[in-house]
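As a plain string of letters, each chain reads:
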Amino acid sequence: MQPIRLGLAGYGKIAQDQHLPAITSNPAFELVAVASQGAPCPGVANFGSLGELLATGPTVDAIAFCTPPQGRFALVQQALAAGKHVLVEKPPCASVGEALALVAVAERQQLAGLFAWHSRFAPGVELAREWLANLALQQVHIQWKEQVRKWHPGQEWIWQPGGLGVFDPGINALSIATALLPAPLLLQGAELSFPSNRQAPIAAQLQMQAGSVQVRAEFGFDHPGDDELWSIELRGAEGTLRLDNGGAVVHVDGVPRALADEGEYTLLYRHFEQLVRSGQRDMDVQPLRVVADAFLMGSRRQGAAFEW
Ligand code: NAP
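Residues numbered from 1 in each chain as written. Predicted model: local features only at pLDDT ≥ 70, side-chain atom pairs only at ≥ 80, totals over all residues. Heavy atoms only, no water.

Novice: Can you help me understand the sheet that holds strand S1 (residues 4-9) in this one?
Specialist: Spatial ordering of the open sheet is given by S3-S2-S1-S4-S5-S6-S15, a layout of seven strands whose pairing is parallel. Across the chains shown, the open sheet's two edge strands, defined by having one partner strand only, are strand S3 (45-47) and strand S15 (281-282). Pairing analysis gives six bridges linking S1 to strand S2 (residues 29-35), with the strands arranged parallel. Considered in S2, the bridge of Arg5 is made with Glu30. Packing against the sheet, helix H3 (residues 72-81) makes contact with strand S4 (62-65) and strand S5 (85-89), and its axis sits at approximately 165 degrees to S5. (Pairing = 2+ DSSP bridges. Helix = DSSP H or I, 4+ residues; strand = E, 2+ residues; numbered from the N terminus. Contact = heavy atoms within 4.5 Å. Axes fitted to C-alpha atoms, helices over the stretch in contact; angles between N-to-C directions.)

Now the structure itself:
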């Protein structure tokens, strides 16, 4: 079978840290071109814009989007209009409306599309799904806290409108929760904390419900020290399962469970390959909808200015 000829749009932190190794280690893909405003990618044809890549570059079957969410809608639309399958980094767009519009265009064009909720491919998530099949879930407690200076050094877009601030990592936890919960995750209330000099929140607390399950989330973007706190505790009458390290570590009733870890992006690209080969779509907007609801319904307070 011929490899899928892939173009990358945006060659920043996540493209270099995760996409490139996942693509080059998967023979189903051949990276043939990169469009980026930033550093060039060695070993392939580089272009200053997606338009230039599509017009003058080598033929590609699919484009993976690793640009910031603001402005991504127009780029993905451009790729779909050119008949390319699309993998779109999370959060898929700056607004729910844009994301839904992309779903409609991909469907109309009968092209493959993946909104890349990478945390859903963490090894503990599948185990949690199996565990949940046998018990009645009652409560979920999410703590998702990291240091923005470590994970997003100097990325101004993250603090600008549409950049999501603390919801940029928090949406990863919501992507796991929405994949595991038995009913739609609905916001009941939220408190958002904004630095006085920024347009996006640095901390948030969410109260939610999914059917009869109570869900609480605490998000932080100025977590002290080097270690992240990326945990989700799922509690039922019969026991508790805890995901740590973003789903890479699992404890059931305090006992660690062994997990095979192939890497989230390895599995993500394997999933994308299946979608491209079958012309299917996996473009879930639920995590973005919950974040949008938090911006709509949440109370706001202003805190100290944020400096890098
Ligand atoms: P980043 O380091 O700022 O990289 C984005 C890159 O896209 C930059 O090189 C930027 O160039 C380039 N770019 C911007 N507009 C472009 C355009 N129109 N055409 C081509 N290139 C363009 O950001 P990132 O951390 O990689 O994040 C990108 C996306 O991945 C975000 O949605 C983020 O949520 C997601 N993600 C990030 C992480 C993480 O740990 N950082 C993890 C998972 C997912 P300039 O800098 O010159 O503008």
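Next comes the rest of the description.
Novice: I keep staring at the packing of aromatic side chains and nothing clicks. Help me out?
Specialist: Aromatic ring pairs: the centre-centre distance and the angle between the two ring planes describe each pair. Applying the stated rule across the entire model yields nine aromatic pairs. Ring centres of Trp159 and Phe221 lie 5.7 Å apart, and the angle between their planes is 50 degrees; this geometry places the pair in the tilted category. Linking Trp159 in the loop between helix H6 (148-151) and helix H7 (167-180) with Phe221 in the loop between strand S10 (213-220) and strand S11 (229-236), this pair joins segments that are 62 residues apart in sequence. By relative accessible area, which is 0% here, Phe221 ends up buried. On the numbers, 5.8 Å between centres and 85 degrees between planes, the contact of Phe167 with Phe219 is edge-to-face. With Phe167 in helix H7 and Phe219 in strand S10, this residue pair connects regions lying 52 residues apart in the sequence. Both residues of the pair, Phe167 and Phe219, belong to the buried class. (Phe/Tyr/Trp six-rings, centres within 6.5 Å; stacked < 30°, edge-to-face > 60°. Buried < 20%, exposed > 50% of the residue type's maximum accessible area, 1.4 Å probe, protein only.)

Novice: Explain helix H5 (residues 123-132) here, please?
Specialist: Counting buried positions over the ten residues of H5 gives seven, a clear majority of the element. Taken residue by residue, H5 has Pro123, Gly124, Val125, Leu127, Ala128, Trp131 and Leu132 as its buried positions. Buried residues along H5 sit in contact with strand S7 (137-145), H7, S11, strand S12 (239-244), strand S13 (249-252) and strand S14 (255-257).

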